[in-house]
Number of protein chains: 2
Amino acid sequence: MGEKAIEQIHGDRVYRPRWRASRDWYSLRVPRSRVVIIGGGFAGLQAARSLARTPVDITLIDRRNHHLFQPLLYQVATAALSPANIAAPIRRVLRKQKNVEVLLAEVTAVDLEGHRVRAGESWKEFDYLLVATGVSHSYFGHDDWAPLAPGLKTVEDALEMRRRFLLAFEAAERVEDPAERQALLTFLVVGAGPTGVELAGAMAEITRKSITRDFRSIDTSAARILLFEAQDRVLPEFPVAASEKALRHLEEIGVRVRLGERVDEIDEHGVLVGEERIDTKNVFWAAGVRASSLGAMLGAEVDRAGRVHVEPDLSVPGHARVFVAGDLAHVPNEKLGMVPGMAPGALQMGAYVGRAIKRDVHSGGEAKSPPFRYWDKGMLATIGRNRAVASLWGRTFGGMIAWLLWASVHIFFLIGFRNRVLVALEWAWMYVVFERGARLIVGNRSAESGKGS
Amino acid sequence: MGEKAIEQIHGDRVYRPRWRASRDWYSLRVPRSRVVIIGGGFAGLQAARSLARTPVDITLIDRRNHHLFQPLLYQVATAALSPANIAAPIRRVLRKQKNVEVLLAEVTAVDLEGHRVRAGESWKEFDYLLVATGVSHSYFGHDDWAPLAPGLKTVEDALEMRRRFLLAFEAAERVEDPAERQALLTFLVVGAGPTGVELAGAMAEITRKSITRDFRSIDTSAARILLFEAQDRVLPEFPVAASEKALRHLEEIGVRVRLGERVDEIDEHGVLVGEERIDTKNVFWAAGVRASSLGAMLGAEVDRAGRVHVEPDLSVPGHARVFVAGDLAHVPNEKLGMVPGMAPGALQMGAYVGRAIKRDVHSGGEAKSPPFRYWDKGMLATIGRNRAVASLWGRTFGGMIAWLLWASVHIFFLIGFRNRVLVALEWAWMYVVFERGARLIVGNRSAESGKGS
């Protein structure tokens, strides 16, 4: 404090001492503990929010400046929405919560004994730690497939997918050779979880409806959309009835679903499935997940995907004040095996950890938290226009009702009133005129694309 | 045709013969000439559209899939709009015009004698050619400044600018050293043409209004916005009265304008202006322009910036059926010296070339076109909320009226009803809550950013 105050006296106008920002009606009475939250996803953000009225100093660290509404990321990849529609600056979301400071930095080390984490160049001390850095996708040991079959976890992933998807048609319009054109117009999605199903569905819809009249030499509606799933049904995490409905929906809109088959090899020209060779220039990855590397740094047991086996109160074994939440946590669940890695679970865990810290702070570490209970609100996945599946309250239904439910739930949970309005507008527009809002081919990862013409 | 028809018989469903696409009520009567348009900017697009009812086969070639509404690009750079708001897929814009095919390809060579251009891997023959590939920015021989001081011509440019602009505050929030923080919060714009003025104005507005409450350690409203102009007034292309109004507006919102001063040196840590050293991590380039390299390939005389000196009918000397339009054309104008490189000029030239080709086609080359006349509709530039300057009908005015005029004109000219609505909505929102819609830091050119956290 002192040194900072001096800085201010010396008239460094850009500087504003911290106490002014973090003052609230507690701060003068209670000594404040330091809470560090790593990851601004659903779990991290929810935890921070639920500590709004607790006399703690929170530091939320993320290597992105934005919270991403993952459930709609596939719509960016399929040119329906712009990244800004489904992302909000973390700072802005927490702007009014004065006991939070947001840090854009990458955490490279966790020192549980020293009660500190390494964020960028500096160390950050904590009394309570929440690690909620989620998962990225796994290629099951075939990391060389990454450039050939992009996955879908970040905004960059989505833009790269969108770029490849849109470029395929442009290239097909140019080439004369039928075989090559066929390969360019073959889109192969690996993995039929919610993301894979939603991707394949959207791609079928676009090729059949949105862009059919835009091209002169090719018939986009003849494009092949292939969806591969190693297990024996789509949406394996859903009830069987939902999987069957989803499968029917997918076939209705022209997606060729291949169940119980595994993609054995991927190269620039296509994939190998058992003996069968499929020529395609477009492979998209929606199969496995791999936990963020921070999980392993906690020294606790991890499962095959690298998720941390946590205590019933989501704390790390042996560290009562270090928590893991969201996709990074492996939380057993009697009904579902484990809590599925989706938004609802992350939100519930985040809120739970917030409450646990609050209780601990107020009771001075006396009160013990009851174990975390996952409330299964049901599952939703959309296949396309008027087509979705929902399994709620033990019942499963599909079609229009499920679709409307899906749309309203997602609009509702979108962070920020503003985005809700815009996304609703985009969707209404898309629904009426079958037009996609963001058909832009922009740059690419490998910086090869220079100035525009 | 024959070979293509056969392909179809052999049941290559992906193939659709060209004649079906390009059929119109002319095609069976008149032999059709081939028009090749290079560049899908204002000039190229306008030319294609004005040939909608002319019995020609048009090929519009662009290395981007989208038409970009350049006048609003600075709003993407300053996090107000998403790229998709100001860009429309060229295919979609021309979808209904059956005598146009759009080709996503880069033109690497022009063979005027052979009446053909090299697009990607193949040659494209033409009877009429329009080159409208515009300009990119010039560093006056200091191309090594490009990575240090990004310019603003493409969507990638804008995203890169936005990334740097937003990252500066994040870094400033992290660092403790006052001098470094000061450097991070110093934003320097080189060149006070419309783009430079609009950039500086928007940056001042953001630092003073939009994000003041988002940070804990820094006071963003203390950030320095410097605008350098080598000439003795801002908006040199505008009338003097407009320049004075613009200068007043800029100073009102806290931009420090430095006239008659040239930036002599740029490095990672700042710039050198004469003897004065200015420490800044953020330099943005809005100074010179350099014509697209295609201009030089036409063998005609070019001006210092590489613009082509065209005949009064915008044709290339010695080639009556080869035209240059838009920013790439150097068109003398008694009142303004030359037609300014802005949207209105490009639109008028594009329409003129369209008419010229039409006349030539219908008259079989007999009728000569009257020389191109630039209709000066006046000039508009915005400085920020409620502040703009307009010079219309010989009169100059600023403030609110000019600003409203600016807003409505730009909304009106935005391609596509859809974008108009969305942009209007974004602006309304921004106006009411001082919030920017697209505060996203995404990837970057040099691919260094990996998966998200």
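Here is what the cut-offs are and how they apply
- Residues numbered from 1 in each chain as written.
- Chains lettered and ligands numbered in written order.
- Predicted model: local features only at pLDDT ≥ 70, side-chain atom pairs only at ≥ 80, totals over all residues.
- Heavy atoms only, no water.
- Helix = DSSP H or I, 4+ residues; strand = E, 2+ residues; numbered from the N terminus.
- Buried < 20%, exposed > 50% of the residue type's maximum accessible area, 1.4 Å probe, protein only.
- Contact = heavy atoms within 4.5 Å.
- Areas by Shrake-Rupley, 256 points an atom, 1.4 Å probe, with all protein chains shown as cover.
- Axes fitted to C-alpha atoms, helices over the stretch in contact; angles between N-to-C directions.
- Left-handed = near helix turned anticlockwise from the far one by under 90°.
- Nonpolar A, V, L, I, M, F, W, Y, C, P; charged D, E, K, R; others polar.
- Expected span 1.5 Å × (residues − 1).
- Phe/Tyr/Trp six-rings, centres within 6.5 Å; stacked < 30°, edge-to-face > 60°.
- Lys NZ or Arg CZ within 6 Å of the ring centre and 35° of its normal.
- Pairing = 2+ DSSP bridges.
- Polar contact = N/O pair within 3.5 Å; in protein donor to acceptor, adjacent residues only side chain to side chain.
- Salt bridge = Lys/Arg side-chain N within 4 Å of Asp/Glu carboxyl O.
- Patch = residues over 30% accessible without salt bridge, like charges linked within 9 Å, V, L, I, M, F, W, Y side chains within 5 Å.
- Lys, Arg positive; Asp, Glu negative; His and termini not counted.
- Charge placed at Lys NZ, Arg CZ, Asp CG, Glu CD.

## As for the overall build of chain A
Item 1. Counting its regular elements, chain A contains 13 helices and 27 strands.
Item 2. Within the span of chain A, comprising 453 residues, buried residues form 59% of the whole.
Item 3. Within chain A, counting contacts between residues at least 6 apart in sequence, those at least 24 apart form 63% of the total.
Item 4. Entry remark: accessible area of chain A is about 18400 Å², with carbon and sulfur atoms responsible for 55%.

## A look at the packing of helix H3 (residues 42-50) of chain A against helix H11 (residues 343-362) of chain A
Residues and elements named next belong to chain A.
Item 1. Orientation of H3 relative to H11, taken along the N-to-C sense of each, is 35°, at an axis distance of 7 Å. Remark: the crossing between H3 and H11 carries right-handed chirality. In contact with Phe42, Ala43, Gln46, Ala47 and Ser50 of H3, H11 contributes Ala343, Ala346, Leu347, Gly350, Ala351, Gly354, Arg355 and Lys358.
Item 2. The class makeup of the residues in the contact of H3 with H11 is seven nonpolar, four polar and two charged.

## Describing the side chain of Gln348 of chain B
Residues and elements named next belong to chain B.
Item 1. Relative to the helices and strands, Gln348 resides in helix H11 (residues 343-362).
Item 2. A residue is classified by how much of its surface remains accessible, and Gln348, at 14% relative accessible area, is buried.
Item 3. Excluding anything up to four places from it in sequence, Gln348 contacts Phe372, Arg373, Tyr374, Trp375 and Lys377.

## Some words on helix H8 (residues 194-210) of chain A
Item 1. In a regular helix each residue adds 1.5 Å, so 17 residues correspond to 24 Å; H8 of chain A covers 22 Å between its end C-alpha atoms and thus fits that length.
Item 2. The element H8 of chain A is extensively covered by neighbouring structure, given that 14 of its 17 residues are classed as buried.

## Observations concerning the packing of aromatic side chains
Item 1. Inspection of every chain in the model, using the stated rule, returns 20 aromatic pairs over all chains.
Item 2. Geometrically, the ring pair formed by Phe412 of chain A and Phe413 of chain A is edge-to-face, given 5.3 Å between the ring centres and 85° between the ring planes.
Item 3. Look at Phe412 of chain A and you get exposed, because its relative accessible area is 53%.
Item 4. The aromatic ring of Trp123 of chain B is capped on one face by Arg116 of chain B, whose charged end is 3.8 Å from the ring centroid.

## What to know about the sheet that holds strand S15 (residues 270-273) of chain A
Residue and element names in this part refer to chain A.
Item 1. Spatially, three strands are ordered S14-S15-S16 in an open sheet, and the strand pairing comes out antiparallel. Two strands close off the open sheet at either side, each with one partner strand: strand S14 (265-267) and strand S16 (276-279). Along the sheet, successive strands turn relative to each other by an average axial angle of 15°, direction set aside.
Item 2. Taken together, the three bridges between S14 and S15 define a ladder with antiparallel strand orientation.

## Here we look at the environment of Leu247 of chain B
Residue and element names in this part refer to chain B.
Item 1. Assignment of secondary structure puts Leu247 in helix H9 (residues 240-252).
Item 2. For Leu247, a relative accessible area of 23% puts it in the partly exposed group.
Item 3. Here the alpha-carbon distance between Leu247 and Thr78, two residues 169 residues apart in the chain, equals 20 Å.
Item 4. Non-local contacts of Leu247, meaning those with residues more than four positions away in its chain, are made with Val234, Val257 and Leu259.

## Let's talk about the sheet that holds strand S14 (residues 265-267) of chain B
Residues and elements named next belong to chain B.
Item 1. Spatially, the three strands line up as an open sheet ordered S14-S15-S16, and their pairing is antiparallel. A strand with exactly one partner marks an edge of an open sheet, and here the two such strands are S14 and strand S16 (276-279). Taken over all neighbouring pairs, the strand axes of this sheet differ in orientation by 15° on average, direction set aside.

## Examining the side chain of His137 of chain A
Item 1. Within the fold, His137 of chain A resides in strand S10 (residues 135-138).
Item 2. Reaching out from His137 of chain A, the side chain makes a polar contact with the backbone nitrogen of Leu152 of chain A at a distance of 3.5 Å.

## Overview of unusual backbone geometry
All names here are of chain A.
Item 1. Even without being glycine, Ala79 reaches a positive phi, approximately 65°.
Item 2. Topologically, Ala79 is positioned in the loop between helix H4 (73-77) and strand S4 (87-89).
Item 3. Of the residues examined, Ala79 reaches a relative accessible area of 1% and is grouped as buried.
Item 4. One non-glycine residue, His115, adopts positive backbone phi at about 50°.
Item 5. Tracing the chain through its elements places His115 in the loop between strand S6 (107-111) and strand S7 (116-119).

## As for the environment of Val322 of chain B
Item 1. With respect to the element layout, Val322 of chain B can be found in strand S21 (residues 319-324).
Item 2. Each C-alpha atom of the pair Val322 of chain B and Val310 of chain B lies 10.0 Å from the other, and the pair is twelve residues apart in sequence.

## Quick look at the pattern of salt bridges
Item 1. Scanning all chains against the criterion turns up 42 salt bridges over all chains.
Item 2. When the shortest N-O distance is used, the salt bridge between Arg258 of chain A and Glu261 of chain A registers 2.5 Å.
Item 3. Across the pair Arg258 of chain B and Glu276 of chain B runs a salt bridge, and its minimum N-O distance is 2.4 Å. Of this pair, Arg258 of chain B sits in strand S13 (residues 255-259) while Glu276 of chain B is found in strand S16, placing the two residues 18 residues apart along the sequence.
Item 4. Take Glu276 of chain B: its relative accessible area is 34%, and that puts it in the partly exposed class.
Item 5. A single salt-bridge network, built from bridges that share partners, covers Arg34, Glu125 and Asp127 of chain A.

## Here we look at the pairing of S15 of chain A
Residues and elements named next belong to chain A.
Item 1. With antiparallel pairing between neighbouring strands as the criterion, S14 and S15 make up a hairpin whose turn holds two residues.
Item 2. Two strands pair when backbone bridges link them, and S15 and S16 are joined in this way by four bridges, in the antiparallel orientation. What sits directly across from Val271, in S16, is Ile278.
Item 3. In this antiparallel pair of consecutive strands, S15 and S16, the connection spans two residues, and Gly274 shows a positive phi of 60°.

## Observations regarding a nonpolar patch on the surface
Item 1. A cluster of nonpolar side chains, namely Met400, Ile401 and Leu404 of chain A, defines an oily patch on the protein surface of about 290 Å² accessible area.
Item 2. As for its position among the elements, Leu404 of chain A is in helix H12 (residues 399-413).

## Some details on a negative patch on the surface
Residue and element names in this part refer to chain A.
Item 1. Residues Asp144, Asp264, Glu265 and Glu275 make up a contiguous surface patch of negative charge.
Item 2. By the secondary structure assignment, Glu275 is in the loop between S15 and S16.
Item 3. On the basis of relative accessible area, Glu275 is assigned to the exposed category, the value being 79%.

## Considerations on the environment of Ala172 of chain A
All names here are of chain A.
Item 1. Mapped onto the elements of the fold, Ala172 is located in helix H6 (residues 155-174).
Item 2. You can call Ala172 buried: its relative accessible area is 0%.
Item 3. Once the C-alpha coordinates of Ala172 and Ala183 are considered, the two residues, eleven residues apart in sequence, prove to be 8.7 Å apart.
Item 4. Residues contacting Ala172, with those up to four places away along its chain left out, are Arg181, Leu184, Leu185 and Ile218.

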